[in-house]
Amino acid sequence: MLLALLSASPAYADDLLIEDAWVRLSPPVADSTAAYMVVRNTGSESVKLTGVACDVADSAGMHAMRMDGNRMVMSPLSEVGIPANGEARFSPGGSHVMLMGLKHPLKEGEMVEIVFRLSDGENLTLSAPVRDMRAGHAQHSGMH
Ligand SMILES: [Cu+2]
């Protein structure tokens, strides 16, 4: 750790690009939801996401989806590796960032800040808009 701090190598966060980040609008009674995004690694070294936090939720975590018999179940991911020039994809029906224990009901269009912890000890902060997955965007934006 000390060596990493003393070295002049650039932080992994500088190599990571976030695309298509959004948070699913959940029904007001639900106290959890999921966030989705693509994390693209433009660097020449692999990077690991080792945790995630979100200030609108009591806890957050990376989850995978898998089939258990004939139903989909979620399981926590302790880390997600992103190869050099590769990407990690969090998308509906697949891996996602779970936001558990929402502190207030989210509103469409609200920006939610999400912080990934990286394997070099740095943080990667992004903000993602809350979107209603059931409605088309084009029609929806005119209604506000
Ligand atoms: Cu989940």
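All residue numbers refer to positions counted from 1 along the written sequence of the respective chain. Side-chain atom pairs in this predicted model are given and counted only at pLDDT of 80 or more, local residue features only at pLDDT of at least 70, and totals for whole chains, interfaces and linings cover all residues. Side-chain figures throughout are based on the complete set of non-hydrogen atoms in the structure, without hydrogens or water.

Engineer: Any details on the overall build of the chain? Residues and values, ideally.
Structural biologist: On a plain count of helices and strands, the chain comes out with two helices and 10 strands. A run of H or I in DSSP counts as a helix once it spans at least four residues, and a run of E counts as a strand once it spans at least two, with each numbered from the N terminus. For the chain, the sequential pattern of α-helices and β-strands runs α-β-β-β-β-β-β-β-β-β-β-α. Buried positions account for 38% of the 144 residues belonging to the chain. Long-range pairs, those at least 24 residues apart, make up 66% of the contacts in the chain with a sequence separation of at least 6. Categorising residues by exposure relies on relative accessible area from a 1.4 Å probe, with only protein chains included: less than 20% of the type maximum marks a residue as buried, more than 50% marks it as exposed, and the intermediate range marks it as partly exposed. Whether two residues are in contact is decided by their heavy atoms: any pair within 4.5 Å suffices.

Engineer: Explain the coordination of the copper ion to me, using residue names and the numbers behind them.
Structural biologist: Ligation of the copper ion by protein atoms is provided by His 63 (ND1), Met 74 (SD), His 96 (NE2) and Met 98 (SD), these donors lying 2.1 to 2.2 Å from the ion. Metal donors: N, O and S atoms at distances within 2.8 Å, or within 3.2 Å for Na, K and Ca, with water omitted from the atom set so that some sites may seem incomplete. Angular criteria define each label, namely tetrahedral for four donors with all angles between 85 and 135 degrees, square planar for four and octahedral for six donors with opposite donors over 155 degrees apart and remaining angles between 65 and 115, and irregular for whatever fails these tests. Taken together, the four donor atoms surrounding the copper ion define angles of 94 to 117 degrees at the centre, an arrangement classified as tetrahedral. Taken in sequence order, the residues that donate to the copper ion follow the motif H-x10-M-x21-H-x1-M. One end of the pair, Met 74, is in strand β5 (residues 71-77); the other, His 96, is in strand β8 (residues 96-102), and 22 residues separate them in sequence. Since its relative accessible area comes to 4%, His 96 is described here as buried.

Engineer: Run through the confidence of the model for the chain, naming residues and quoting values.
Structural biologist: Across the chain, pLDDT averages 88, with 86% of residues at or above 70. In this model, residues 137-144 is a region of pLDDT below 50 whose contacts with residues beyond four sequence positions or in other chains number five contacts. The predictor attaches a confidence to each residue, called pLDDT, with possible values from 0 through 100.

Engineer: Lay out the pattern of salt bridges in plain terms, naming residues and giving numbers.
Structural biologist: The salt bridge definition used is simple: a Lys or Arg side-chain nitrogen within 4 Å of an Asp or Glu carboxyl oxygen. Applying the stated criterion to the full structure yields five salt bridges. Put simply, Glu 19 and Arg 40 hold a salt bridge, and the shortest N to O gap is 2.8 Å. Separated by 21 residues along the polypeptide, Glu 19 in strand β1 (residues 16-24) and Arg 40 in strand β2 (residues 32-41) bring together distant segments of the chain. With relative accessibility at 28%, the residue Arg 40 sits in the partly exposed group. Between Asp 68 and Arg 71 there is a salt bridge; the shortest N-O distance is 3.8 Å.

Engineer: Lay out the pairing of strand β10 (residues 123-131) with the relevant residues and their values.
Structural biologist: The pairing criterion is simple: DSSP has to find at least two bridges between the two strands. When β1 meets β10, the two strands line up parallel, connected through two bridges. Bridge pairing in β10 places Val 23 opposite Val 130. Bridge count for strand β9 (residues 111-118) against β10 is seven bridges, and the pairing is antiparallel. What sits directly across from Phe 116, in β10, is Leu 124. Where β9 hands over to β10, the hairpin turn is made up of four residues, of which Gly 121 adopts a positive phi near 90 degrees.

Engineer: Just give me the short version of the packing of aromatic side chains, but keep the residues and values in it.
Structural biologist: In this scheme Phe, Tyr and Trp rings, the latter by its six-membered ring, pair at centre separations within 6.5 Å, and the angle between planes marks the pair as stacked below 30 degrees, edge-to-face above 60, and tilted otherwise. Tallied over the entire structure, the rule returns two aromatic pairs. With 4.8 Å between their ring centres and 45 degrees between their planes, Trp 22 and Tyr 36 make a pair best called tilted. Of this pair, Trp 22 sits in strand β1 while Tyr 36 sits in strand β2, and the two are 14 residues apart along the sequence. Residue classification places Trp 22 among the buried positions, given a relative accessible area of 12%. Between Phe 90 and Phe 116, the ring centres sit 5.9 Å apart and the planes meet at 25 degrees, which makes this aromatic pair stacked.

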